[in-house]
Amino acid sequence: MVTDINNSVATPVNQPPSVTFAQSTVTVLEDAGAQSVSGFATFSPGPTNASTQTLVGYTVTVDNAALFSTAPAIDNTGKLTFQTATNANGSATVTVVVQDDGGTGTSPVVRRPQQAIDIPGVDKSTNTFTIVVTPVNDAPSVTFAQSTVTVLEDAGAQSFNSFATFSPGPAN
């Protein structure tokens, strides 16, 4: 049996894009406020045959949503933003799906007069990083039952029950 390979045409398939991060772990202190890291994520459309494809966007999910009052997000410039929940600490794995505009339709790989083999293109890929929120020693507090105490001159020693309430701070 002889196969005519001279009539074959190889067409490149859509290759997946990729996303890399400036660091694999982002560490912040508990109660540090809103965070913004410019240039955190870098988009790559893939190999040369995909070089004209552009970023559609990033989809971001976390495995510990309770750690955040504003969930992590990455904009199309690669800026990471998030805010941790008050008095929360711990870690979260952040999963990022990057998508380009290459499409997911079928791309012919080999065409022969007798058959066509089609393989779907890929326009998404996934990468992860970790956010670690380090606990801090929160200050204790004291609350007074009243703000002014009036005592007569020469009244002697005075005692007030439940005058002050002490709190060691949040449980963490």
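Predicted model only: the values in this text are computed from it and were never measured.

A. How the structure looks around the environment of Ala-171. Along the chain, the position of Ala-171 falls in the segment after strand E14 (164-167). Take Ala-171: its relative accessible area is 91%, and that puts it in the exposed class. The sequence separation of Ala-171 and Asn-87 amounts to 84 residues, and the corresponding C-alpha distance is 8.6 Å.

B. Representation of unusual backbone geometry in the model. Although it is not a glycine, Asp-154 adopts a positive phi angle of roughly 60°. Relative to the helices and strands, Asp-154 is located in the loop between strand E13 (141-144) and E14.

C. Fine view of a nonpolar patch on the surface. Among the surface-exposed residues, Val-149, Val-151 and Phe-160 lie close enough to one another that they form a single nonpolar patch of about 230 Å² accessible area. Locating Val-151 in the fold gives a position in the loop between E13 and E14. Of the residues examined, Val-151 reaches a relative accessible area of 41% and is grouped as partly exposed.

D. Highlighting the side chain of Asp-100. Locating Asp-100 in the fold gives a position in strand E9 (residues 90-100). The side chain of Asp-100 is buried and forms no salt bridge, while Lys-124, the nearest opposite charge, is found at 9.9 Å. Apart from residues lying up to four places away in sequence, Asp-100 is in contact with Asn-14, Gln-15, Pro-17, Phe-43, Pro-45, Gln-53, Thr-54, Leu-55, Val-56 and Asp-123.

E. Spotlight on the packing of aromatic side chains. Under the criterion given, the structure shown has 6 aromatic pairs. Ring centres of Phe-21 and Phe-40 lie 5.3 Å apart, and the angle between their planes is 20°; on these two criteria the pair is classed as stacked. Placement of Phe-21 in strand E2 (residues 18-21) and of Phe-40 in the loop between strand E4 (34-37) and strand E5 (41-44) is noted, with a sequence separation of 19 residues between them. Neither Phe-21 nor Phe-40 differs from the other in exposure class; each is buried. Consider the rings of Phe-144 and Phe-163, whose centres lie 5.5 Å apart with planes at 40°: the pair is tilted. Of the two residues, Phe-144 sits in strand E13 while Phe-163 sits in the loop between E13 and E14, which places them 19 residues apart along the sequence. Taking the relative accessible area as the measure of exposure, Phe-144 reaches 48% and is therefore partly exposed. For Phe-163, a relative accessible area of 26% corresponds to the partly exposed category. Pairwise contacts between aromatic rings join Phe-21, Phe-40 and Phe-129 into one cluster.

About the thresholds
Residues numbered from 1 in each chain as written. Predicted model: local features only at pLDDT ≥ 70, side-chain atom pairs only at ≥ 80, totals over all residues. Heavy atoms only, no water. Helix = DSSP H or I, 4+ residues; strand = E, 2+ residues; numbered from the N terminus. Buried < 20%, exposed > 50% of the residue type's maximum accessible area, 1.4 Å probe, protein only. Patch = residues over 30% accessible without salt bridge, like charges linked within 9 Å, V, L, I, M, F, W, Y side chains within 5 Å. Areas by Shrake-Rupley, 256 points an atom, 1.4 Å probe, with all protein chains shown as cover. Salt bridge = Lys/Arg side-chain N within 4 Å of Asp/Glu carboxyl O. Lys, Arg positive; Asp, Glu negative; His and termini not counted. Contact = heavy atoms within 4.5 Å. Phe/Tyr/Trp six-rings, centres within 6.5 Å; stacked < 30°, edge-to-face > 60°.

These values are about where atoms sit, not about what they do.
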